[in-house]
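Here's the letter readout for the chains.
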2 protein chains.
Amino acid sequence: MSDDKLSITGEDSIRHVFSFDEGSRELIDTLGGKGANLAEMTRMGLPVPPGFTITTDTCRYFLDTGGLPATFADEMSRAVAALEQRADKRLGDATDPLLVSVRSGARFSMPGMMETVLDIGLNDVSVEGLAVVAGDSRFAWDSYRRLIQMFGKTVLQIDGERFEVAVQRAVRAAGASADTELNVDQLRALVDTYKGTVLECTGAPFPQDPFEQLQLAVRSVFHSWNTPRAILYRRQERIPGWLGTAVNVQAMVFGNIGGGSGTGVAFTRDPSTGTRGVYGDYLPDAQGEDVVAGIRNTLPLAELGASDPASYAQLLEVMDRLEHHYRDLCDIEFTVEQGTLWMLQTRVGKRTAGAAFRIAIQLVDEGIIDLDEAVRRVSGDQLAHLMFPAFDTTSDDEPLATGMSASPGAAVGQAVFDSPSAVAAAADGHSVILIRRETNPDDLAGMVAAAGVLTSRGGKTSHAAVVARGMGKTAVCGVDSLLVDTVARRMTTADGQVINEGDVISIDGTSGEVFVGSVGVVPSPVARYFEAGLADALEGSDEATRELIVAVDRLMTHADSVRRLRVRANADTREDAARARRMGAEGIGLLRTEHMFLGERKALVERLILAEEDHERKEALAALLPLQRKDFIRILEAMDGQPVTIRLIDPPLHEFLPDRTELAVRVARAEERGADSEADLRMLQAVNRLSEANPMLGLRGVRLGLVLPGLFALQVQAIAEAACFRQRMGGDPRAEIMVPLVGSIQELELVIDEAVDVLAAVSDAHGCTLEFPIGTMIELPRAALTAGQIAEAAQFFSFGTNDLTQTTWGFSRDDVEAAFFSAYMDKGVFGVSPFESIDVEGVGELIRIAVAKGRQTRPDLQCGVCGEHGGDPGSVHFFDGVGLDYVSCSPFRVPIARLEAGRSALGAGRSDTR
Amino acid sequence: MSDDKLSITGEDSIRHVFSFDEGSRELIDTLGGKGANLAEMTRMGLPVPPGFTITTDTCRYFLDTGGLPATFADEMSRAVAALEQRADKRLGDATDPLLVSVRSGARFSMPGMMETVLDIGLNDVSVEGLAVVAGDSRFAWDSYRRLIQMFGKTVLQIDGERFEVAVQRAVRAAGASADTELNVDQLRALVDTYKGTVLECTGAPFPQDPFEQLQLAVRSVFHSWNTPRAILYRRQERIPGWLGTAVNVQAMVFGNIGGGSGTGVAFTRDPSTGTRGVYGDYLPDAQGEDVVAGIRNTLPLAELGASDPASYAQLLEVMDRLEHHYRDLCDIEFTVEQGTLWMLQTRVGKRTAGAAFRIAIQLVDEGIIDLDEAVRRVSGDQLAHLMFPAFDTTSDDEPLATGMSASPGAAVGQAVFDSPSAVAAAADGHSVILIRRETNPDDLAGMVAAAGVLTSRGGKTSHAAVVARGMGKTAVCGVDSLLVDTVARRMTTADGQVINEGDVISIDGTSGEVFVGSVGVVPSPVARYFEAGLADALEGSDEATRELIVAVDRLMTHADSVRRLRVRANADTREDAARARRMGAEGIGLLRTEHMFLGERKALVERLILAEEDHERKEALAALLPLQRKDFIRILEAMDGQPVTIRLIDPPLHEFLPDRTELAVRVARAEERGADSEADLRMLQAVNRLSEANPMLGLRGVRLGLVLPGLFALQVQAIAEAACFRQRMGGDPRAEIMVPLVGSIQELELVIDEAVDVLAAVSDAHGCTLEFPIGTMIELPRAALTAGQIAEAAQFFSFGTNDLTQTTWGFSRDDVEAAFFSAYMDKGVFGVSPFESIDVEGVGELIRIAVAKGRQTRPDLQCGVCGEHGGDPGSVHFFDGVGLDYVSCSPFRVPIARLEAGRSALGAGRSDTR
């Protein structure tokens, strides 16, 4: 999006500064997340130190023009004056100075990405006033010293090392062991040194005017929006760069002024399990930064109740009010300053997947939200996490190390350190974990062979992470505490523990943890609920698990009751079909018939392909007929009464033949040895004849059906006879015949003409009524663009979004995921692989066009999707939005699609959970 | 299109029958071509036997419903009555019967595809009347005999063999040698036999009621619209099936009633050379069918002048009037019946390419049409034909055989009978003609190696024809008089002449002729005109050639003066660029830089690809820089002052490396022999690493530029330095940088960011001003769909219609043209390969979308096309219509594009020539 879409350059009528008592959480776009919630708490009458927020508009103006709006200086002066009045203190006052913090606060949280400056307002004069008010000179001078250091580094861009060196020298000169031991005089001297550094580095003295300090700090926060790390973070998180950040200026309160003071963070419920009751950490005599930094060990929140019952009671009351007000789990930061409670931040708290489901239902039962809202509060991604098996967390295993959760799941296997070893060990029947510093396309074969992948470098968009997610393979990435030595074939932990090739390790792709040895895997109780039903799943479960299962059950039931979009499964066997039904599938959206040409039937298929005479081909087809018929009977039985969309054979024929290069090498070796290679040679000739430069774009799908006589007719006959058989058995077979890779109505008409003849013949021969809809995949851009014509012949459309993504982008998944997707994600070309989540602007546009044109021709045209995107949460919302009738996905993802279809019907955004 | 779009089922207010004096040529949609022109001649007062036309609407009604409109019978009765009155004869009259012909006549000519019945109105009574009027009983009974035979076969669907056998028996019984020798009594007996056959085969006697004969004949013409051969013909010629045919009922006149009678066909000018003056054939004492059947040798038209000066003078006057009336070359059929001239048909005549140009300018000079119209009258296809070299037609070589002109050009070479022999002989430096019964994908390598292809089976849509046209290779197909024996490696003509492998033959892809030996090839004078200019081309040419060259010059000049669309050339070398300028190119639309990585530079490119360390890659790039710079300097010099669009490197890297299978076989063989294969092995590993399942859809274009550091920067630097050099030399270099295979604006922005830095650096270093537009290919559906975004970064668009066709249809040209395009054309999926002429509905829709969205963002966005479609006549009209700024094509096709751009500006249809 272009920069000027939201900029308001030259627009002077807009306000740039809002006092906390003037804002609200509705103004989050203007005030950012932190500012909006501080304003909300202020409006609620909660104890919030006074302050004001400078708007995101101001930031955009600043970034566009390099300056500030004409009215801004006045507005800020008035806001500071109002703040001084409310705090009853003055900036720079010699006796009781007002100190303020300056913090960034964007629309979307970008933790640690931007600047904060504390203790603004201290100078050579006010530091003495602070000493008097706090009754603690050392505290005052240490604060002043910290201000110059923080301000010097972040606002004045002085190398932080200069200050660190100075403080180390002061400590050594004082014979102390840490800066906490420096006394007031030593700190005064350090302040002088720091001021000298500032003068030397910037050519100007440290600004004594508090208002100047404040203005410089605000500009520096604005600037920090566009640091390289912030830009990279936004690119990866798909946060638009034009948003800009707000700045919050707030009166300082101190949790570190001796007894009766302290600071803490808390949640209104346990965010990791969802158990009811407040949960948090408290640190007496400390500032908020100390809790976050984790320098000292925190105490459980209840300790505050023992030491300061009044503040604790007030905090509990505040938290209860917040939860009712926000109608959700809240996450807060607070400070107690000499017995007075101050709220410094709140927001709706992040939580684990299990907690999300439990809390949603708790809030329903407490009358705080309704079931609609509860369904909006959970997500398909969370449900997917709950359905993966997990390591047995009751075991006492300490992780060896922890990295990024790059691709979920739990994997156990022998450590191997390169791709060939992985392939060899897997071929010997071992489960292996491939360990690399980082992976590249050369490691692909090893990744395919391994049960899981572990890397010491790279994050969630690294090659290993992207490729593993694409494969559905467990991966932990960026475990930088591990030293991987692929030459010596071992890895070493920070404390010297060594894992050699062949040692068994376990990796948890959901938590990012790595364990030595084989950790027990516990099946998911939620998966058991879907597989076996509520009663079975509840039996023998503990209380928390039972609450979780019931929550899932109630939320799924409600999602099903409100959703418009139907959910089918992709299934090729009787077993898959049965499983899909248990998962709630309402039919099969994609039955791939090519799987029926594999296994022991491959010999027949080879005969078919190699046939030189008509009668040979006919014999091969005739031999395949009863086998196919049996397959269809079984699946139609398992899905009785529900639609079963059967796709005629799609892949190119050479996929059923041996690899060309391997075969050529075998023939060459045999020739060199003078051995007989007649059969291989004949096969090689056939493979050469059929080989294609780009098989994805070759003789497959409907093209194959039109060029190879009898192939589609065989399949239609097998389907028809299977349906007749099921009818005679009293069943309700509902086959739908789907033609793959259609690009023009003429192709489809030719297939339909042939199919109609076959159906009529079978119908006559068996005396049954066959009224199958015949439709087409829409998986080529041309099919989407000419959908208005194609709908004249097609009775339904099914979007094959895998192929449609490949042709729309012009890249084949096989080739590009490994070759350049990680680079593309790093560079921000994609936020997520278009094979994982539908590319709304490109592929989505074709889907919109096809649905609109198709339904113009045939208003009741049934439209579905059978690509892998059918089970992707974000994509489900898109498909619902464009009016598809159903999505079809793998059986395991059917519950996820059901939930997201419900959320979409309830108006939840694509990823609108916290 | 659906059948009911134009049908008027149940619409009784529409007229179904038009007397010739009620119609006109404007009513061609309703009356068909023949009917409209008969009406036109009648309106002009020319001597046309009276008659009426039954409309195409009636045919559509009949084909939709199987019956005729309620009012039809009345209308036809009235029309017959009017016809009887005008002819002053009655159908079935015993003394002077009216006889009529019943002929089809569709909107577009479908020669020989549908039925004709003559002599309707004869029965047992009227035959005697005809005998009296004609004064020739034998003629009358022979006519009656012919009616029953023709009617029996075409209307009553009786096997024609039954009548043939009967006539042979009668001839034998009479002791005669041919049916022309049968006397009246023998013919009477034969009529009896025929009537018996009709009764036996249909269960009813031959209809004696002339009105019934007429009605049945009309229905049978309607039915013949949907015979398989008619459907196939329409499919191949892209004639819509819903059009239907009109039927013309016309009083018979006889050119075979003795002296003073005859029949002929004539053109108002010579249609093969364009020379002024009438031209035609005359056959005394004959019917029109005899001329067409070619049974007897015709006389030159002038002989009529000798035998019947009055009729001849009248004919000349009629032809002159027709040419002035139709303002074009006319083609007529006429009959003289006992000294009276009758016009039976006229239409605008077909002509050769050379005649088209000469006649268009003649008509201008005669004041009949203006130059605008003259340009509309010629076509790019005709111009292309004139630019091919041709065999020396002044030589006396008789063709050995003649087949279909499948792919134009002239080729001379040794006969070879299979693909491996073709490859081997070509490798030895021989020019070869590949001869096959028909080709299939196995013959591809041989077709590539051969100078021309000759097949004995298959037509213009056969595999050989489609593939040869795709390659631009000369081909003659379907020479069914040749017996091809690939085992004995020879072919034999109908009269026993044998051509053995190695014998030299010559094939003419424009005429379809095959010659023994090497026929001299004459260069095209029109090509010489474009290459060397008017004066050079005229020098030493004969009169006809001079007239042709001047005509081409005048028409090209006019086309250039009226066209809006600019024409550039695709050129990669200085020589191509210079040639393109001579052909009239206004710049280079596509300079492919990958060609600069071939030849002696391949070693450097291998180094670049195989580089493992950064510095190795940088060294390889640095070594390539001066070479690329030199290339660019030369081309910018040749195209000085005109835009040169330079595409950054596009193909995948492994295209520069050896073939994977060949290399693997070489390594295996070396290993088996214990030979050293270290270098090959290392190369094989690299090839394996880079090999892709679908190279078309892999790491190429912008993807390669983003993944391989320094590659695009090298190219941009070379371009920038070349431009600086040319500026210093006083030149006017106008480079445009084009990024290939862009799918999203993010990709383009990343490349532009890098390029802008490089341009600035070169600009600073050399003190020159570089203001290159940077734009993108639009060759992926996603680029077209998101063109509104992409235009924010791109300063121009160039449609790469080759790749866009591949991705839109999801097929790769390499794989599919040979594998199934001929089958697709036979089945009517395509009329023409979408790689030859733009697929307006699919690919064209994306172009429309992209132009609209791109110009919405950037109203002055320059849009061009650089795929091969840029030189295709039909496609040029489409590109002009959607508002592109230019097309770019191979230098040879630049004149064709210029002409078609002019025709498009003048409102000519895509293929609106005769």
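Residues numbered from 1 in each chain as written. Chains lettered and ligands numbered in written order. Predicted model: local features only at pLDDT ≥ 70, side-chain atom pairs only at ≥ 80, totals over all residues. Heavy atoms only, no water.

1. Digging into the sheet that holds strand E21 (residues 490–492) of chain B
Residue and element names in this part refer to chain B. In spatial order, the strands read E20-E21-E22; together these three strands make up an open sheet with antiparallel pairing. Since the sheet does not close on itself, it has two edges, and those belong to strand E20 (483–485) and strand E22 (498–500), each with one partner. Each neighbouring strand pair of the sheet contributes to a mean axis angle of 15 degrees, computed without reference to strand direction. (Pairing = 2+ DSSP bridges. Helix = DSSP H or I, 4+ residues; strand = E, 2+ residues; numbered from the N terminus. Axes fitted to C-alpha atoms, helices over the stretch in contact; angles between N-to-C directions.)

2. Concerning the relation of the copies chain B and chain A
You can overlay chain B on chain A at an RMSD of 0.2 Å; the transform is a turn of 180 degrees with a shift of 0.0 Å along its axis. Taken together, the rotation and translation describe the operation of a two-fold axis. Both copies contact each other with a shared surface, as 98% of the interface residues of chain B are interface residues in chain A too. (Least-squares fit on C-alpha atoms with pLDDT ≥ 70 in both. Contact = heavy atoms within 4.5 Å.)

3. Digging into the pattern of salt bridges
A complete count under the given rule lists 114 salt bridges over all chains for this structure. Across the salt bridge formed by Asp57 of chain A and Arg60 of chain A, the nearest N and O atoms sit 2.4 Å from each other. One end of the pair, Asp57 of chain A, and the other, Arg60 of chain A, are both in helix H2 (residues 56–65), three residues apart, so they sit about a helical turn from each other. Its relative accessible area of 11% is what places Asp57 of chain A among the buried residues. For Arg60 of chain A, a relative accessible area of 9% puts it in the buried group. Arg566 of chain B serves as the salt-bridge partner of Glu586 of chain B, at 3.7 Å between the closest nitrogen and oxygen. (Salt bridge = Lys/Arg side-chain N within 4 Å of Asp/Glu carboxyl O. Buried < 20%, exposed > 50% of the residue type's maximum accessible area, 1.4 Å probe, protein only.)

4. Things to note about the side chain of Glu747 of chain A
In this structure, Glu747 of chain A sits in helix H29 (residues 745–766). Among the polar contacts made by the side chain of Glu747 of chain A, one reaches the side chain of Tyr824 of chain B at a distance of 2.5 Å. Setting aside residues up to four positions removed in sequence, Glu747 of chain A forms contacts with Val702, Arg703, Leu706, Leu741 and Val742 of chain A together with Tyr824 and Val829 of chain B. (Polar contact = N/O pair within 3.5 Å; in protein donor to acceptor, adjacent residues only side chain to side chain.)

5. Details of the state of the cysteines
Residues and elements named next belong to chain B. Tallying each qualifying case throughout the model produces two disulfides over all chains. The residue that forms a disulfide with Cys724 is Cys768, at a sulfur-sulfur distance of 2.0 Å. Here Cys724 is found in helix H28 (residues 711–728), whereas its partner Cys768 is found in the loop between helix H29 (745–766) and strand E30 (774–778), with 44 residues between them in sequence. Summarising the burial analysis for this pair, Cys724 and Cys768 share the class buried. (Disulfide = S-S within 2.5 Å.)

6. Quick notes on the interface of chain B and chain A
Between chain B and chain A, the residue contacts involve 58 residues of the former and 58 residues of the latter. Between chain B and chain A lies a buried interface of about 5200 Å² when both sides are counted; carbon and sulfur atoms form 56% of it. Three residues stand out in chain B for area buried against chain A, namely Glu672, Leu697 and Arg782 of chain B, and they jointly supply 13% of the buried area on that side. Linking chain B with chain A are 12 salt bridges. We note a salt bridge from Arg782 of chain B to Glu841 of chain A, for which the minimum N-O separation is 3.5 Å. Where chain B packs against chain A, one counts 27 residue pairs in polar contact (both at pLDDT 80 or more). Of the residues belonging to the side of chain B that touches chain A, the class tally is 25 nonpolar, 14 polar and 19 charged. (Buried area = accessible area lost by both parts, 1.4 Å probe. Nonpolar A, V, L, I, M, F, W, Y, C, P; charged D, E, K, R; others polar.)

7. Focus: the nonpolar core
Among the nonpolar cores identified, the biggest contains 302 residues, and Phe799 of chain A together with Phe799 of chain B are the most heavily contacted of them. Residues in contact with Phe799 of chain A, not counting those within four places in the same chain, are Ile778, Leu804, Ile847, Ala850, Val851, Cys863, Gly864, Val865, Cys866, Gly867 and Leu884 of chain A. (Core = buried A, V, L, I, M, F, W, Y, C linked by side-chain atoms within 4.5 Å.)

8. A word on the environment of Asp542 of chain B
Residue and element names in this part refer to chain B. With respect to the helices, strands and loops of the structure, Asp542 is situated in the loop between helix H20 (534–538) and helix H21 (543–562). Its relative accessible area of 47% is what places Asp542 among the partly exposed residues. It is 37 Å that separates the C-alpha atoms of Asp542 and Asn37, two residues lying 505 residues apart in sequence. A polar contact is formed between the side chain of Asp542 and the side chain of Thr545, at a distance of 2.5 Å.

9. A few points about the sheet that holds strand E17 (residues 432–436) of chain A
All names here are of chain A. Read across the sheet, eight strands follow the order E14-E24-E23-E16-E17-E18-E19-E15 without closing on themselves; strand pairing throughout is mixed. Pairing within the sheet leaves two strands with one partner each, and these edge strands are strand E14 (401–402) and strand E15 (404–407). Of the strand pairs in this sheet, strand E23 (residues 504–508) and strand E24 (residues 513–516) are connected by three bridges, and their pairing is antiparallel. Counted as the bridge partner of Ile505 is Val516 from E24.

10. Comments concerning the environment of Ile790 of chain B
All names here are of chain B. Secondary-structure assignment places Ile790 in helix H31 (residues 787–793). With 53 residues separating them in the primary sequence, Ile790 and Ile737 have C-alpha atoms 15 Å apart. Discounting chain neighbours no more than four positions away, the residues touching Ile790 are Val742, Gly743, Ser744, Ile745, Leu748, Thr776, Ala783 and Phe797.

11. Considerations on helix H32 (residues 801–809) of chain A
Residue and element names in this part refer to chain A. Along H32, eight of the nine residues are buried, which leaves the element largely enclosed by surrounding structure. Taken together, the buried positions of H32 are occupied by Thr801, Asp803, Leu804, Thr805, Gln806, Thr807, Thr808 and Trp809. Once H32 ends, the next one or two residues include Gly810, with phi positive near 70 degrees.

12. Let's talk about the packing of aromatic side chains
Residue and element names in this part refer to chain B. Considering all chains together, one arrives at 48 aromatic pairs over all chains under this definition. Each ring, one from Tyr144 and one from Phe206, has its centre 6.2 Å from the other, and the planes form 65 degrees; the classification is edge-to-face. Here the residue Tyr144 occupies a position in helix H5 (residues 137–154), and Phe206 occupies one in the loop between helix H7 (184–202) and helix H8 (210–224), the gap between them amounting to 62 residues. A residue is classified by how much of its surface remains accessible, and Phe206, at 3% relative accessible area, is buried. (Phe/Tyr/Trp six-rings, centres within 6.5 Å; stacked < 30°, edge-to-face > 60°.)

13. A word on the environment of Ala585 of chain A
All names here are of chain A. Considering the arrangement of structural elements, one finds Ala585 in the loop between helix H22 (574–582) and strand E27 (588–592). Note on Ala585: relative accessible area 5%, which makes it buried. Measuring from C-alpha to C-alpha, the distance between Ala585 and Ala217 comes to 57 Å, with 368 residues separating the pair along the chain. When near neighbours in sequence (up to four residues on either side) are disregarded, Ala585 contacts Val567, Arg568, Ala569, Ala580, Gln642 and Val894.

14. So, the confidence of the model for chain A
Taken as a whole, chain A shows an average pLDDT of 91; of its residues, 97% reach a score of 70 or greater. This complex was scored by the predictor with a pTM of 0.86 and an ipTM of 0.85. (pLDDT = per-residue confidence, 0-100.)

15. A word on helix H15 (residues 380–387) of chain A
All names here are of chain A. With respect to burial, H15 is a largely interior element, six of its eight residues being buried. Among the residues making up H15, those that are buried are Gly380, Gln382, Leu383, Ala384, Leu386 and Met387. Of the surrounding secondary structure, the elements contacted by the buried residues of H15 are helix H13 (353–365), helix H14 (371–377), helix H19 (525–532), helix H21 (543–562), helix H35 (873–881) and helix H36 (894–905).

16. A few points about the packing of H28 of chain B against H29 of chain B
All names here are of chain B. Two elements in contact, H28 and H29, have axes whose closest approach is 9 Å; the angle formed by their N-to-C orientations is 35 degrees. Regarding H28 and H29, the two cross each other, and that crossing is right-handed. In this structure, H28 contributes Phe712, Ala713, Val716, Gln717, Ala720, Glu721, Cys724 and Arg728 to the contact, and H29 contributes Val751, Glu754, Ala755, Val758, Leu759, Val762 and His766. In the contact of H28 with H29, the residues fall into 10 nonpolar, two polar and three charged. (Left-handed = near helix turned anticlockwise from the far one by under 90°.)

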